[in-house]
Amino acid sequence: MRRNRIIFIILWICSLVGISFYGGTVSYGIFAALTLVPVISLIYIISVCFLFRIYQELDGARELTAGKAERFFFTLYNESPIVFSGIRVVFFSDLSGISGLDDCTEYELPPRSGVKKQTVLLCRYRGEYEVGVRQVVIQDFFRLFTFTYKNREPFKITVKPDIIHLTALDSAEMIMNAARESADNKREPDVFVREYDPGDDPRLINWKLSAVQNKLMVRELKGEEQQGIGIIMDSSRDGDEPLEYLPVENRILETVIGLTLFFNERNVPVTVFYTGKGTVTDTVGRNGFDGFYSRMCAFSFEKEKDPGVLFREIMERREIYSSGMVFMVVRKLDPRAAETVSGISSFGIPVMVYVVSEDDGGDTPSLRIPRADVKVIPPSGALVDVI
Amino acid sequence: MISGLLYDLVNVIPLCAVASLLVYGGMGRGFFHMESGTAALIPAIASAVICVFLGRAPMKYRAAALGVMAVAAAGAVPAMGREYLAEVLSENICVLWMMLLGVICYAAAKAAERFRPLKLVVALSALAVLIYMMVTGCHTSRLVLSAAVFYISLAMAEETEYRWKKEGKGGDVRYTVRLLPFLMLLPLFLLLFKAPEKPYSWQFVKDFLRGARIRYELLVQTLNENKSWDSEGTNMGFSEKGNLAGSLGNDPYEAVIITSDRAGDSRVYLSGKIFDSFDGRDWKKTDLSPMDYRAYDVLETAAAVMTADPGREDDYLKYETLHIEYSGIRTSRVFVPGHALYVAADPGVLSAGGDISFSGRGKPPYTVKYFRVNKSYEGFRRLCDKGSSINKDIFRVSKKLLWDKWVEKGNGDLLAPNPDEQTYEGYLDYLDRVREFYGQEMQVSERTQRLLDETTEGVTSDNEKLCMIERYLSQMKYSTAPGELPDHIRTPGDFLDYLLFESGEGYCVHYATAFVLMARSMGVPARYVQGYSTAADKKKTVIMSDCAHAWPEAHIEGVGWVAYEPTPGFKTETGWEVASETTGDKESEHEKKEGPIPEEDLPDEEEEAVLEDHAVKHRPVKIYVPVVLAAAFLLLFFTADLILRKIRYAHMDARGKVLESGRQTLKLLKKHGFSLEPGETLDELQKRAGGSVPEEMLTQIGIYETALYADHKMGEEDVNRMEDNNRELMKYVYRKKFSGSFKV
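Residues and elements named next belong to chain A. Scored by pLDDT, chain A comes out at a mean of 83, with 89% of its residues at no less than 70. Across chain A, helix α1 (residues 2–21) holds the top mean pLDDT of 92, while helix α3 (residues 172–184) sits lowest at 55. Here residues 185–190 scores under 50 on pLDDT; set against residues more than four positions off or in separate chains, the count is 12 contacts.

Pasting the structure below:
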């Protein structure tokens, strides 16, 4: 395109020179023709803008899960009798990605024809945002001018946070210690067995006993409830642009959901503390993960949800102190968070702080608090590798 | 197919148009016997279009076309007669040439379609031809330009498409055809666009730049109040310096605006600065006397007039007012016409060596009272030739009369100068100064002297001699770029010799200088004046900077300073008609009328009628015979074709007939919009067409498909079914077509 423009400008300047020295049909005619070319290109581009159609379609509902690829179709259609010389499609790429298609590909659309492409859409973060075709770049047939046409009907979808199955935690040692202490304190509940009812968690099946009894037997926890895990979730938002705050929020949610699922699968009750309409204490029991996950999908981070207020209220309510271990998932380890950690650990409760931040390596904050540890989780990358 | 046809036409026709019009233009009307190039265009394009259609037509139709032409040609020979045919052909050989040109253009266009670089070469050649015609000034019709531009734009669009890497490229033909609505805008506009004949003057750019330059120079003048205006050098404008600059610029701007109470002279001279000494290269002003030269000049002239022709002073002098304001200049100079009596400026003016300038912080606008001299009046010329002598009494009386007649009564002006300030002794001093500063001795070379003697031979008075010199110089060459003065010119005499015998050209400064020097060499006091000179026949006149001028003035004893105009092309008679000079009626012009054509030259009417009748009777025979033969050939050809096809069909085996019928089915469907698409099977076509055509009429497609691909023996039953269905299909299709409800 640049070459064509250079040639055009040179010719136009030459035509200016021509009319300066020569009169008559040819000199003025060539000048008029060259001057008219941009006008014709403009008319052409405007025609294409009005006659051009984009159709987008997702295979399935408009609710996706972050990190999960979904089939995505888009069609460029030319309903007019004129040919579309060069159409280029640009996709949203900040928060989502289209694989298999290049933004640089240009398409020619003969009259009454279309191009249908199947590809894969991957949304990186949870939230509600636009995906698919962001804008269309139209070029004229002389490749002199382009016009960028914003997609007037963008494809808006809701993306749920990803459920990450953690198989182990790096803070297992701390957990084990917590469990040992609990055992010493004889706080482990009694375990009874009963016959298997359909719907029971297969993980509770006592296989040894079942083999003996010749029927499926499951454990039933009675007595004191096993001490749960507390998770404190920073609910604040930092930044105005989605690209600033979404990755961090997404990772916070993933971490909280992943931890909750991890313990829920091991029949450990989890109590999540976060700021909703006030400070919310969300206890996730044995079959309560799905409900919790739905609540997390609908959860919204806000600037007004000050973590300091959350920490203070948690400390005042004292429910946190019945936890066997506490996880704190925050975006930064400020003095208020450190004070909260100190307060909790002073009750002999181990605290693991996950700081979701881009800063890592040498900037890892340290806590000189007994039974407390801190780890930095970057917003991108596999959570499993970090936790 | 339509796309292909259109594509061929848009490639062939512009090329044909350009080529034929260029050939017509090159060979001339005489060769073509055609009044216009458009007529030459028609046979070329017609033959090219025929070639296009034949090129796209099936072989059968090409054969038919060639046969028709051959038969028509063969029939024309006996019908018209060899002699007549030869005569017609020789008279219209140009038509055949143009038709051949059309065929050549078709071949070239087809070759260019096939070989992309060739198309580029042709397009660039068309552009080169246009440029050549532009440079050489050949007249180019809008049709040629439009056609050439269209072809070039087509080639550019295709080249761009070829180099464009994108998905879905469908091939040049359809792509180009679909772009035609946009590409056609260019030639359509060019056909309607009437181009000027002259190059563009970029006047708005020049005006803008000039305006900017003037604003800048005014700003500089404003910041340096004491600095006067000087636009010497390569500019065009008034200069306070007396050097003879090399060449003049050409960038005029508005300088001065003068307003008169009534329409004035055909030309007015506004004096800005008077010079007295010339060193061969530059004029200098050494006379700085504060004496009011202008008042004495007026008195001298008035006295001469009153003495020579008492009571008829109005025939010689008119007392008028001029209002002057400066527009694009800033100077302390006061520009005044000759014989200005006084200048009313606020706060006042000063006089120095005849020049007037603003005193203190005075600036325009200002008013000048002056005497306009009737220089074209014969009486004034006689006065100048004769000269005059003014004694004390004449001086006194004249002064009184001057004031009484004009100044007091003129406009009731309270600012009139005090007449007591001009005395006779002062007048004598004034004359001495005139002789001293403006009558400097002037040495000329021998050849200049010879020239002067030859030029002024036969006349005696100073004025007559000066008029001869003025006439001689005004016949030399005027040039705004005579070049710089050579270094060897060091004296006035050198300058004169250089101008008169070497250079021979110059502009006002050169000729004014030469006049002054020549006048002085004859003992006549003369001075070099710089100012403005312009036509001033309206009440309000805008004087442009390029009206800056230099002229000589000579002092005629007893008459005063008289301005002369030796610059070639600038001489105009200034003055007004006096009653005694009114001439008689002008002779009326005879009109030439063309008389009627002599009767004996008119053709005999009877004879004409006979000839015409004969021509009319024989024309149909000459034309209709070949036409009828051609029509007959066509009829026979297609009839024979039909018969042969039927015979061939009858001799086919069943499978052959099924295949032939199948092809007929596809042709019928194609005619009405259901073509077999690339990669489409017959079964898919049947399903697709089944949406519009009753299915029972399409069952033969299955049989056809079987015959094509399956090793199945066809029987008469299959043939009959094929034929029956085709008949039904044909009826259905044509019925729908004529009823207009066939949905494609």
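More follows now that the structure is in view.
All names here are of chain A. Strand order in the open sheet made by the three strands is β2-β11-β8, with mixed pairing throughout. Across the chains shown, the open sheet's two edge strands, defined by having one partner strand only, are β2 (63–65) and β8 (127–131). Mean inter-strand twist for the sheet, computed between neighbouring axes without regard to direction, equals 40°.

Each side of the interface is counted separately: chain A has 40 residues, and chain B has 39 residues. Between chain A and chain B the total buried area reaches about 3,400 Å² when both faces are included, carbon and sulfur atoms providing 72% of it. Of all residues in chain A, Val26, Tyr28 and Glu108 of chain A give up the largest surface area on contact with chain B, accounting jointly for 18% of the area buried on that side. Run the count over chain A and chain B and you get two salt bridges. Run the count over chain A and chain B and you get 13 residue pairs in polar contact (both at pLDDT 80 or more). Taken together, the elements giving at least two residues each to the side of chain A that touches chain B come down to α1, α2 (25–51), β4 (84–91) and β6 (106–109) of chain A. At 14 residues, α2 of chain A tops the list of elements feeding residues into the side of chain A that touches chain B. Along the lines of polarity and charge, the residues of the side of chain A that touches chain B split into 22 nonpolar, 12 polar and six charged.

A word on the sheet that holds strand β9 (residues 133–139) of chain A. Residue and element names in this part refer to chain A. Across the sheet, which stays open at both edges, the four strands sit in the order β6-β4-β9-β10 with antiparallel pairing between neighbours. Here the strands that pair on one side only, and so sit at the sheet edges, are β6 and β10 (146–150). Across this sheet, the average inter-strand angle for adjacent strands is 30°, counted without regard to direction. For β9 and β10, the ladder comprises five bridges, and the chain directions are antiparallel.

The next point concerns the nonpolar core. Of all hydrophobic cores here, the largest spans 96 residues; its most connected members are Tyr44, Phe52, Phe74, Ile87, Leu121, Phe141 and Ile157 of chain A. Ranked by residue count, the leading element in this core is α2 of chain A, at 12 residues. Among all residues touching Leu121 of chain A, those that are not within four sequence positions of it are Leu58, Leu64, Lys68, Ala69, Glu70, Phe72, Ser96, Gly97, Ile98, Val131 and Ile157 of chain A. Counting 79 residues, the second-largest nonpolar core is a separate cluster that includes Leu244, Ala302, Leu500 and Ile556 of chain B.

This brings us to the layout of surface pockets. The volume enclosed by the largest pocket comes to roughly 950 Å³. Considering the residues around the largest pocket, the lining is formed by 32 residues, among which Ile7, Leu11 and Leu34 of chain A together with Ile152 and Met156 of chain B are closest to the centre. Residue assignment for the lining of the largest pocket shows that the elements contributing at least two residues are α1 and α2 of chain A together with α7 (116–136) and α8 (142–163) of chain B. Element by element, the count of residues in the lining of the largest pocket is highest for α1 of chain A, at eight residues. One number sums up the size of the second largest pocket: a volume of about 690 Å³. Lining the second largest pocket are 17 residues, with Lys60, Tyr61, Gln664, Lys667 and Lys671 of chain B positioned closest to its centre. When contributions to the lining of the second largest pocket are tallied by element, the ones reaching two or more residues are α4 (59–80), α20 (605–650), α21 (654–671) and α24 (716–739) of chain B. Each residue belonging to the lining of the second largest pocket can be placed in one class, and the counts come to six nonpolar, one polar and 10 charged.

Let us look at the pattern of salt bridges. Scanning the model with the defined rule gives 41 salt bridges over all chains in all. The salt bridge involving Glu254 of chain A is made with Arg251 of chain A; its shortest N-O contact spans 3.1 Å. Taken together, the residues span about one helical turn, with Glu254 of chain A and Arg251 of chain A both in helix α5 (residues 242–265) at a distance of three residues. Judged on exposure class, the residue Glu254 of chain A and its partner Arg251 of chain A are both buried. For Arg333 of chain B, the salt bridge goes to Asp355 of chain B, with nearest N and O atoms at 3.5 Å. A residue pair is termed long-range when its members are at least 10 positions apart, and Arg333 of chain B in the loop between β6 (317–326) and β7 (336–337) and Asp355 of chain B in strand β10 (residues 355–358) qualify at 22 residues. The exposure class assigned to Arg333 of chain B is buried, which follows from its relative accessible area of 12%. Residues joined by salt bridges that share partners form a network here, namely Asp8, Arg56, Lys110 and Glu113 of chain B.

Criteria and thresholds
Residues numbered from 1 in each chain as written. Chains lettered and ligands numbered in written order. Predicted model: local features only at pLDDT ≥ 70, side-chain atom pairs only at ≥ 80, totals over all residues. Heavy atoms only, no water. pLDDT = per-residue confidence, 0-100. Helix = DSSP H or I, 4+ residues; strand = E, 2+ residues; numbered from the N terminus. Contact = heavy atoms within 4.5 Å. Pairing = 2+ DSSP bridges. Axes fitted to C-alpha atoms, helices over the stretch in contact; angles between N-to-C directions. Buried area = accessible area lost by both parts, 1.4 Å probe. Salt bridge = Lys/Arg side-chain N within 4 Å of Asp/Glu carboxyl O. Polar contact = N/O pair within 3.5 Å; in protein donor to acceptor, adjacent residues only side chain to side chain. Nonpolar A, V, L, I, M, F, W, Y, C, P; charged D, E, K, R; others polar. Core = buried A, V, L, I, M, F, W, Y, C linked by side-chain atoms within 4.5 Å. Buried < 20%, exposed > 50% of the residue type's maximum accessible area, 1.4 Å probe, protein only. 1 Å grid on protein atoms, 1.4 Å probe; cavity = no way out; pocket = protein on both sides within 12 Å on 5 of 7 lines; lining within 4 Å. Points joined across faces, edges and corners; volume = space filled by probe spheres on them.

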